[in-house]
Amino acid sequence: MTTTGHGAVGHHQGGCLCGGVRYEVRGPLRDVIACHCSQCRRTSGHFVAAAAASTADLHFICDVSLTWYASSAAAERGFCSTCGSNLFWRPTTPEAHTTSIMAGTLDVPTGLRVIRHIFVADKSDYYDIDDGLPQEAGW
Ligand SMILES: [Zn+2]
Ligand SMILES: [Zn+2]
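Note that the structure is a prediction, hence the values are computed from the model and not measured.

A. Structural view of unusual backbone geometry. Pro-109 follows Val-108 through a cis peptide bond whose omega is 0°. As for its placement among the helices and strands, Pro-109 is situated in the loop between β9 (98-102) and β10 (114-118). You will see that Phe-119, though not glycine, has its phi angle at about 55°, which is positive. Relative to the helices and strands, Phe-119 is located in the segment after β10.

In structure tokens form, the structure reads like this:
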């Protein structure tokens, strides 16, 4: 887990638009990383801004409509099959213990900040990244 930035500790909850998925994070949240890769572009409709937590700290209050899509050989994305909200990304490799959480699905206040941009070489062409934060061509 990246430790750049301060992150946030405490009792965070979040969920999808329709309420079919509600979750609670019982542990620290990493600050937000914006990913501009082609998979994040398509699944989000723009780009993904995600916090992250230990998978063991992620508990579901309701997950009736949570569906996982294998977006690559090494990762899957969790979304709500009722309202379409984009919620989670997690590696499927056995040594992975972190789940990325789409930051916009967290209830406010999150206490988080965007700390950097990744895969900027793959971003679409209709916007600029001009917030002064670090940018990485890849991860
Ligand atoms: Zn939903
Ligand atoms: Zn991405």
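Having put the structure on the table, let's press on.
B. Examining the coordination of the zinc ion (ligand 2) more closely. For the zinc ion (ligand 2), the protein coordination sphere consists of Cys-35 (SG), Cys-37 (SG) and Cys-40 (SG), at 2.1 to 2.3 Å. Expressed as a motif, the donor residue spacing for the zinc ion (ligand 2) is C-x1-C-x2-C. Judged by relative accessible area, Cys-35 falls into the buried class, the value being 9%.

C. Focus on the coordination of the zinc ion (ligand 1). The coordination sphere of the zinc ion (ligand 1), as far as protein atoms go, consists of Cys-16 (SG), Cys-18 (SG), Cys-80 (SG) and Cys-83 (SG), spread over 2.3 to 2.4 Å. Its four donor atoms give the zinc ion (ligand 1) angles of 105 to 117° at the centre, a pattern that matches the tetrahedral case. Every donor residue of the zinc ion (ligand 1) comes from the same chain, spaced as C-x1-C-x61-C-x2-C. Given a relative accessible area of 11%, Cys-16 falls into the buried group.

How each quantity is defined
- Residues numbered from 1 in each chain as written.
- Chains lettered and ligands numbered in written order.
- Predicted model: local features only at pLDDT ≥ 70, side-chain atom pairs only at ≥ 80, totals over all residues.
- Heavy atoms only, no water.
- Helix = DSSP H or I, 4+ residues; strand = E, 2+ residues; numbered from the N terminus.
- Donors = N, O, S within 2.8 Å, 3.2 Å for Na, K, Ca; no water.
- Buried < 20%, exposed > 50% of the residue type's maximum accessible area, 1.4 Å probe, protein only.
- Tetrahedral: all angles 85-135°; square planar, octahedral: opposite > 155°, others 65-115°.

Distances and angles like these do not, on their own, reveal function.
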